[in-house]
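# Secondary and tertiary structure notes
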Amino acid sequence: MKINTSKNMLKRLLILGVVIVFLLSTNAVRVLYLQVVRGEELSQKAESQQMADTEISAMRGTIYDAEGNVLAKSATVWNIYLDPKVVDLEILETDTAEQIAAKEKKSEERRNLIVDFFSELFEYDDEEKEKLLEKTKADNRYEIIEKKVENNVKEKISEFISENDLNCIGMEQTTKRYYPYDSLASTVIGFTGADDQGLSGLEAYYDEELTGVNGRVITAKDAFSNDIASEYETTVEATDGNSLVTTINQTVQYYLEKGLRDTLEQYQAKGAYGVIMNCNTGAVLAMASLPDYDCNDPYTLTYSKYINELKEVKDEEEKEAYQSTAIQNQWRNFTVSDTYVPGSVFKTFIACAALEENVVSLDTTYNCTGSIQVDKYKMNCHYHPGHGLQTFTQGLENSCNPFFITVGQKLGVHNYYKYFDAFGFTQTTGIDLLGEAEPQYYKEDQYGIVELSSASFGQTNSLTPIQVCTGLCAIANGGKLVKPYLVSSIVDAEGKTVSKTETTVVRQVISEETSEKVRQMMKSVVDNGTGKNGYVAGYSVGGKTGTSTKLGESAEGEGDKYIVSFAAIAPTDNPEIAMIIIVDEPNQDLGGGALCAPIAAEVIEESMSVLGIEPTYSEEELENVSDYAPNVVDQSLEDAKTTIEQYGLKAQVIGNGDKVLRQFPSSSSTIPKGGTLYLYTEDTDKKLTKVPDFTGLTVNEAKSLAKSNNLNIQVSGNDLTSGSVIAYRQSDDKSTEVEQGTVVTVYFKNTQSVLD
């Protein structure tokens, strides 16, 4: 019996030993598996629970204009987040039922306090309040309340957190993009998305250079996820992105956009576009494509035509589709991303080719009868009665189609195509913007006599405005084709230059002699031809008007749709700038001479001042030039009147004193010849008047209206004695209240226009 008991005991011990060995082996294998196979994974999980890794956003590089004005910059903002796990007070095992109830009540009060505060601060509606309430109950540790909150709002939130001891709300630093001038050069600069990535314009093209490298703050945490001592914190500083110095001149850009915008709105056009380049370097001084947008708010419509048309759409799906299309149109930079048929502006390039190849001279003549037969087609001149006998220069002045058809035929297909290619019209320019469109053109072997004839007066082929402006630069600068560019240099966060753009001469297209001849022909277009509205007092301006019919785009029963333009070079004796101004589908049949040339004239006048090019006035021009008012303050009234009379001005006395206490305009201001100086002889309030509307008036009518409103008028424009010259813009808006004697500049243009 004892033996059996001992045997059973031994057997049980053996089984127990085997079990223990098995369990120990299993644990050893488990430990080995966890350490070797999943060691790295588990280590990372443990580290993530013990360490907090916070990203420090790098500042995106700044974009400057050529004068150092900030066009786009980043600033520090904050994301506000919530830790729902910490909203409710912790319930302990030792808490009594009464204590638990009190904590739950307190937690509910905290939740409502948070929702009410943020709802009032950010003006939430009921739906948004409900969403925030749900976030306070979420089963995670991180819920965003608001993104990219600015400093003044962040300070209010910080005060709220501190006053209410709310450790459940946190703030993390990030950046936001700002555009100080809103829509200025918007289609050039572009904008960024929510992730600070460039989505269009320079922001997209130079996204890699502008984007910095984010930093990090790594902090140790205790078992309750609270930060512990700072000696356990590691910081890796962020590296800010590089900055761009552009070639854009803020002043020139402003006047270009102003002229385009006024014309766009007045004629409810489809679009208005312009490019202005330094013809010697290729630097783009200004570039605009309207309608445009506010870079700070790119998803909002800005053009009145789009806004009004959207109101007429009743179907919600159609409305959404229309709005989406309209917004994308506002983003589009037509000057680079779209092509158009240049029309008669292209005649300047034909003139270059013909003179360079000696198939014509400036003395070549042609008798225009109003049309020309080409194969089985009759091709008309825009002036159907015919221009009669003309020289080559007069042919350009009159924009005579038959004349240039005969010139193109003399050139022949091979020579025509040679210069078409040489001026850069068979390839993109390579400008530093995304989405440059490819030109649409006939290859050399596709030309017959009809195609060549049509192409010779600017039809058949489609080019981008930037191509046309680059070609104009070659005419202006002595024949060199230069590559256009928008960024002159890239600098790092320390201000050190990373790269600098040098002028790239692609090729010599024409000789300096031909360049000079065509510039003088273009000057005659402004002085005597279709481009008279491009005239600028004190400067020699060369220009060329253009019109192209948008074939196949007109609805049945409607008239033809046009795109009109004006090309300009200034000054023609020593060119600095070249430009192209385009108006797309205006609601009146007015050509580039009436719509585009006045814009060019205003921009040239401002550009010459910015570039430091002094005007040289003719004797006739001097009669209308303003001069500084004489200083007659503190003089006796009699002496003041004598001085004013010597300056060819008139005096208007305000008060009964015998000494001049104040004058207007002051001696630091200019006043036109024959203007009136207002003399205050008593200490009295300024005499005010309202500016009338001069729009549509002739020069004499405008002068009379200004006088009756106690204003001085500065007349600006060409051929001011013509009966077809009317006012189209004024420096001070109508109904503006100004001091008597204020000088209001009124701009006039010749309304006689051709669709050439």
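Structure: see above.
Computed from a predicted structure; not experimentally measured.

### Brief notes about the overall build of the protein
Of regular secondary structure, the protein possesses 24 helices and 31 strands. Every one of the 756 residues in the protein was classed for burial, and the buried ones make up 48%. Contacts spanning at least 24 positions in sequence make up 71% of the contacts within the protein whose residues lie at least 6 apart.

### Remarks on the environment of Asn 278
With respect to the helices and strands, the residue Asn 278 is situated in strand β9 (residues 271-278). Between the C-alpha atoms of Asn 278 and Ala 476, which are 198 residues apart in sequence, the distance is 9.9 Å. If we skip the residues at most four places from it in the chain, Asn 278 touches Ala 283, Leu 285, Cys 473 and Glu 576.

### Some remarks on the sheet that holds strand β23 (residues 650-654)
Remark on secondary structure: sheet strands pair via backbone hydrogen bonds, oriented parallel or antiparallel. Strand order across the open sheet formed by three strands is β23-β26-β24, with mixed pairing between neighbours. The open sheet has two edge strands with one neighbour each: β23 and β24 (662-664). Between one strand axis and the next, the sheet turns through 25° on average, direction left out of account. Of the strand pairs in this sheet, β24 and strand β26 (residues 676-680) are connected by three bridges, and their pairing is antiparallel. Across the sheet, residue Gln 663 finds its bridge partner in β26, namely Leu 679. Of the strands in this sheet, β23 and β26 touch helix α23 (residues 637-646), which is tilted by about 155° from β23.

### Regarding the packing of aromatic side chains
Within this structure, the stated rule accounts for 33 aromatic pairs. When the ring of Phe 117 is compared with that of Phe 118, the centres are 5.1 Å apart and the planes differ by 80°; the resulting orientation is edge-to-face. The same class applies to Phe 117 and to Phe 118, which are both buried. Relative to Tyr 206, the ring of Tyr 205 lies with its centre 4.9 Å away and its plane at 65°, an arrangement referred to as edge-to-face. Here a set of aromatic residues connected by ring pairs shows up, and it is made of Phe 346, Phe 349, Tyr 416, Tyr 417, Phe 420, Phe 423, Phe 425, Tyr 441, Tyr 442 and Tyr 447. It is Lys 443 that lies over the ring of Tyr 441; its NZ or CZ is 4.6 Å from the centre. If you follow Arg 729 out to its NZ or CZ, it ends over the ring of Tyr 747, 4.2 Å from the centre.

### Overview of the packing of helix α11 (residues 304-312) against helix α12 (residues 316-331)
The geometry of α11 relative to α12 is characterised by a closest axis approach of 10 Å and an angle of 175° between their N-to-C directions. As far as their axial angle goes, α12 and α11 are roughly antiparallel. Within the contact between the two elements, α11 uses Lys 305, Tyr 306, Glu 309 and Leu 310 and α12 uses Lys 319, Tyr 322, Gln 323, Ala 326, Asn 329 and Gln 330. Partitioned by chemical class, the residues of the contact of α11 with α12 number four nonpolar, three polar and three charged.

### Description of the packing of helix α14 (residues 347-356) against helix α16 (residues 401-422)
In contact at an axis separation of 9 Å, α14 and α16 are set at 70° when each is read in the N-to-C sense. For the element pair α14 / α16, the angle class is roughly perpendicular. With respect to the hand of their crossing, α14 and α16 are arranged in left-handed fashion. Where α14 approaches α16, its residues Lys 347, Ile 350, Ala 351, Ala 353, Ala 354 and Glu 356 are matched on the opposing element by Asn 401, Phe 404, Val 407, Leu 411, Tyr 416 and Tyr 419. Within the contact of α14 with α16, the residues separate by chemical class into nine nonpolar, one polar and two charged.

### Notes on α16
Side chains of residues three or four places apart in an α-helix project in the same direction, reflecting 3.6 residues per turn. Relative to the 32 Å expected for 22 residues at 1.5 Å per residue, α16 spans just 23 Å between its end C-alpha atoms, considerably shorter than the ideal helical length. The largest bend along α16 measures about 100° and falls at Gly 412. Of all 22 residues making up α16, 16 are buried, and the element is well covered by its neighbours. Residue Gly 424 follows α16 closely and has a positive phi angle near 90°.

Rules used throughout
Residues numbered from 1 in each chain as written. Predicted model: local features only at pLDDT ≥ 70, side-chain atom pairs only at ≥ 80, totals over all residues. Heavy atoms only, no water. Helix = DSSP H or I, 4+ residues; strand = E, 2+ residues; numbered from the N terminus. Buried < 20%, exposed > 50% of the residue type's maximum accessible area, 1.4 Å probe, protein only. Contact = heavy atoms within 4.5 Å. Pairing = 2+ DSSP bridges. Axes fitted to C-alpha atoms, helices over the stretch in contact; angles between N-to-C directions. Phe/Tyr/Trp six-rings, centres within 6.5 Å; stacked < 30°, edge-to-face > 60°. Lys NZ or Arg CZ within 6 Å of the ring centre and 35° of its normal. Parallel < 35°, antiparallel > 145°, perpendicular 65-115°, else oblique. Nonpolar A, V, L, I, M, F, W, Y, C, P; charged D, E, K, R; others polar. Left-handed = near helix turned anticlockwise from the far one by under 90°. Expected span 1.5 Å × (residues − 1). Bend = angle between axes of the 7 residues up to and from the residue.

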